[in-house]
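So you can see what is in the structure, the chains are spelled out below.
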Amino acid sequence: MRRGRFVIGIVLLLIGLVLVVLPFVATTTESVAPSQVLTLTPAFVGSGTVTVSWSGAPTSTFVKLYSCATSVCDSGSTVATGQGGSGSFSASLSSGQTYGIQVTGTGSAAVTLTLRTLGLTIPMIAGIVLLLVGIVVVALSFRRPAHDATPGGEAPPAPQGAAEGAPAPEPEETVASPTPTPPAAGGSRPPLTCAHCGAVNEVWLTNCRTCKRPLKTTG
C-alpha cells in the first residue's frame, strides 16, 4: 500500500463529503421586522427549494415569500405563505431570481425566521468530483505496481557488466578435460605379459587389461 497516496485520497474524500453534505444541514437565521424585507437570490445550478420556519411569534403572524418585481423588491408575485405563532412552508426557487420575505401582523415585533435552502450548486459539484477522485486515489494506493517482482518491491539487479537492453549472455559450455595419457613405457623395461591369458600389457598396469588378473613380470 502506498501510504502517501492513501492519505491524499482520504483528505480528498473528507473535503468532498463536507461540500456535499453541508447544504443539507446548514441553516440561516434572520430576524425580520414588519418594516423590513428579507431578500435572497439563490445560486443554484437550475432550481432548488427553500424552507422557511418560525416559532414564538404572535398568533396573527403572517409570512409571505414572493418573487421580486422590481430592484427595490417591495412587491411581487406570491410564491408561498404561512400563518400563525409558529409554522413553516417550502417553495421552489429559480437560480438568479431575487425573492423577498415579509412579515406582517406582529405590530412592531420582529420575527426570527430560519431558512434552509437546498439545490445543486457549484461547491456541491466540486464536492462530488473530489469524492470520485478520492475514491480512485484510495483504490490505487492498494494496487501493487506491476514491476514489483520481488517481495521487497524492488526489481532484481541486472547481471554485472551487462549493457542495458542487451541480451543476456549465454551460459558457458563446460568442456570435460581429456583423461591424461599415461607416459610411454621406457625402453629399459619390456611390456608385461599376463601369465594367465598371455595378453601383453603396458609396464605401469598392475592388472591385465583382458582378464583383469594381477600381472607378474617376466624376464
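The rules behind these values
- Residues numbered from 1 in each chain as written.
- Predicted model: local features only at pLDDT ≥ 70, side-chain atom pairs only at ≥ 80, totals over all residues.
- Heavy atoms only, no water.
- Patch = residues over 30% accessible without salt bridge, like charges linked within 9 Å, V, L, I, M, F, W, Y side chains within 5 Å.
- Areas by Shrake-Rupley, 256 points an atom, 1.4 Å probe, with all protein chains shown as cover.
- Salt bridge = Lys/Arg side-chain N within 4 Å of Asp/Glu carboxyl O.
- Helix = DSSP H or I, 4+ residues; strand = E, 2+ residues; numbered from the N terminus.
- Core = buried A, V, L, I, M, F, W, Y, C linked by side-chain atoms within 4.5 Å.
- Buried < 20%, exposed > 50% of the residue type's maximum accessible area, 1.4 Å probe, protein only.
- Contact = heavy atoms within 4.5 Å.
- Pairing = 2+ DSSP bridges.
- Axes fitted to C-alpha atoms, helices over the stretch in contact; angles between N-to-C directions.
- Polar contact = N/O pair within 3.5 Å; in protein donor to acceptor, adjacent residues only side chain to side chain.
- Phe/Tyr/Trp six-rings, centres within 6.5 Å; stacked < 30°, edge-to-face > 60°.
- Parallel < 35°, antiparallel > 145°, perpendicular 65-115°, else oblique.
- Left-handed = near helix turned anticlockwise from the far one by under 90°.
- Nonpolar A, V, L, I, M, F, W, Y, C, P; charged D, E, K, R; others polar.

Visitor: Sorry, what's going on with a nonpolar patch on the surface here?
Guide: Where nonpolar side chains cluster on the molecular surface, the patch consists of V45, L120, I122, I125, I128, V129, L132, V133 and I135 and spans about 740 Å² of accessible area. Structurally, I128 can be placed in helix α2 (residues 122–141).

Visitor: Where do I start with the nonpolar core in this structure?
Guide: Counting 20 residues, the largest nonpolar core has V52, W54, V63, L65, I101 and L113 as its most contacted members. Ranked by size, the runner-up nonpolar core spans six residues in total, among them L192, C194, L205 and C208.

Visitor: Can you walk me through the side chain of T121 in this structure?
Guide: Along the chain, T121 falls in the loop between β8 (111–119) and α2. Leaving out residues up to four positions away in the same chain, T121 has contacts with A43, F44 and V45.

Visitor: Hey, could you run me through the sheet that holds β8 in this one?
Guide: Strand pairing in a sheet is mediated by backbone hydrogen bonds. Such pairs are either parallel or antiparallel. Read from one edge of the open sheet, four strands run β1-β8-β3-β6, paired in antiparallel fashion. Edge positions in the sheet fall to β1 (28–32) and β6 (87–94), since each has one partner strand and no second. Pairwise comparison of adjacent strand axes, ignoring direction, gives a mean angle of 25° for this sheet. Inspection of the sheet shows strand β3 (residues 47–54) paired to β8 by seven bridges, in the antiparallel sense. Paired with V50 across the two strands is T117, which belongs to β8.

Visitor: Honestly, the side chain of S141 in this entry has me stumped. Any pointers?
Guide: Examined against the element boundaries, S141 turns out to sit in helix α2. Judged by relative accessible area, S141 falls into the buried class, the value being 0%. In this structure the side chain of S141 is engaged in a polar contact, spanning 2.5 Å, whose partner is the backbone oxygen of V138.

Visitor: Got a minute to help me understand the packing of aromatic side chains in this structure?
Guide: We describe a pair of aromatic rings using the distance from one ring centre to the other and the angle between the two ring planes. The full count for this structure, using the stated rule, is two aromatic pairs. Pairing F6 with F142 gives two aromatic rings, centres 5.7 Å apart and planes at 80°, and the pair type is edge-to-face. One end of the pair, F6, is in helix α1 (residues 3–25); the other, F142, is in the loop between α2 and β9 (192–193), and 136 residues separate them in sequence.

Visitor: Just to check I follow, could you spell out the packing of α1 against α2 for this structure?
Guide: For any two helices packed against each other, one specifies the inter-axial angle together with the distance between the axes. As a packed pair, α1 and α2 sit with axes 7 Å apart at the nearest point and diverge in direction by 155°. Our classification of the angle between α1 and α2 gives roughly antiparallel. Where α1 crosses over α2, the two elements pack in a sense that is left-handed. For the contact of α1 with α2, the residue count by class is 21 nonpolar, five polar and one charged.

In short, shape yes, function no, at least from these values alone.
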